[in-house]
Amino acid sequence: MEITIPNLEHIADAAREFITGIGDSRVFAFYGSMGAGKTTFIKAVCEALGVKDQVTSPTFAIVNEYALGSWPLAVSQPPTAIYHFDFYRIKRLEEAYDMGCEEYFYSGSLCFIEWPELIEELLPEDAVRVTITQYPDGHRTVTLL
């Protein structure tokens, strides 16, 4: 699945399209260069899911938890929370183990992970790889693998 975001005015539409395509998946690893828009896109997805909390980058906290407002898809067990990770500051894989990231990943809640390349070996096999690419004219593509 590939979603095109012509500019930031269309990010809410892209977030809704992303949500319709995630099905039963729960763990999403967001890849992209610094400034590609990972946090901005995750914020838009959270808003589209009815999150009332302020969605911010968890750069220093490593993980933020948001209460899920609603779940628009018909699935047997909808998630009840969203965990938003930013592993940019992780220096050693043991830091991710110590914070119990695997418990989050297998909790059944939505997990949105920024900088997953730093903890790649801890990702569940069924994690969806999401690449955000920014182009010189400002448009972006969001590709789910």
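Please refer to the structure placed before this passage.
Reference entry: report on the structure contained in this document.

Parameters and conventions
- Residues numbered from 1 in each chain as written.
- Predicted model: local features only at pLDDT ≥ 70, side-chain atom pairs only at ≥ 80, totals over all residues.
- Heavy atoms only, no water.
- Pairing = 2+ DSSP bridges.
- Helix = DSSP H or I, 4+ residues; strand = E, 2+ residues; numbered from the N terminus.
- Axes fitted to C-alpha atoms, helices over the stretch in contact; angles between N-to-C directions.
- Contact = heavy atoms within 4.5 Å.
- Buried < 20%, exposed > 50% of the residue type's maximum accessible area, 1.4 Å probe, protein only.
- Salt bridge = Lys/Arg side-chain N within 4 Å of Asp/Glu carboxyl O.
- Arc of directions from axis to C-beta.
- Phe/Tyr/Trp six-rings, centres within 6.5 Å; stacked < 30°, edge-to-face > 60°.

**Examining the sheet that holds strand S5 (residues 110–114)**
Strands pair in a sheet through their backbones, by hydrogen bonds, and they do so in one of two ways: parallel or antiparallel.
1) Next: The strand order S1-S7-S6-S2-S5-S4-S3 describes an open sheet built from 7 strands, whose pairing is mixed. In the strand order of this sheet, the two ends are held by strand S1 (2–5) and strand S3 (63–67), each with one partner. Between one strand axis and the next, the sheet turns through 20 degrees on average, direction left out of account.
2) Next: Packed on one face of the sheet, helix H1 (residues 11–20) meets S1, strand S2 (27–31), S5, strand S6 (128–134) and strand S7 (140–144) and runs near 170 degrees to S1.
3) Next: Together, S1, S2, S3, strand S4 (81–86), S5, S6 and S7 form the strand contacts of helix H2 (residues 38–48), whose direction differs from that of S5 by roughly 165 degrees.

**A short note on H2**
1) Next: Taken together, the buried positions of H2 are Lys38, Phe41, Ile42, Ala44, Val45 and Cys46.
2) Next: Just beyond H2, the residue with positive phi is Gly50, at close to 85 degrees.

**Describing the pattern of salt bridges**
1) Next: Taken as a whole and judged by the stated rule, the model has 2 salt bridges.
2) Next: A salt bridge links Arg129 to Glu120, with the nearest nitrogen and oxygen atoms 2.9 Å apart.

**Observations regarding the environment of Asp24**
1) Next: Its location among the elements puts Asp24 in the loop between H1 and S2.
2) Next: By relative accessible area, which is 59% here, Asp24 ends up exposed.
3) Next: Taking the C-alpha atoms as reference, Asp24 lies 20 Å from Cys101; in sequence the two are 77 residues apart.

**Some words on H1**
For an α-helix, the turn length of 3.6 residues means that residues three or four places apart are oriented alike.
1) Next: The set of residues buried in H1 consists of Ile11, Ala14, Ala15, Phe18 and Ile19. Within H1, the buried residues cover an arc of 140 degrees as seen down the axis, which keeps them to one side.
2) Next: Turning to H1, the residues buried within the fold contact S1, S2, H2, S5, S6 and S7.

**Here's the deal with the packing of aromatic side chains**
1) Next: One pass over the full model with this rule turns up 11 aromatic pairs.
2) Next: Aromatic side chains Phe18 and Phe30 sit 6.1 Å apart centroid to centroid with 40 degrees between the ring planes, which places their arrangement in the tilted category. A residue pair is termed long-range when its members are at least 10 positions apart, and Phe18 in helix H1 and Phe30 in strand S2 qualify at 12 residues.
3) Next: Among the aromatic residues, ring-to-ring pairing joins Phe18, Phe28, Phe30, Phe41 and Phe112 into one connected group.

**Things to note about the environment of Thr141**
1) Next: Structurally, Thr141 is set in strand S7.
2) Next: Along the primary structure Thr141 and Glu120 are separated by 21 residues, whereas in three dimensions their C-alpha atoms are 22 Å apart.

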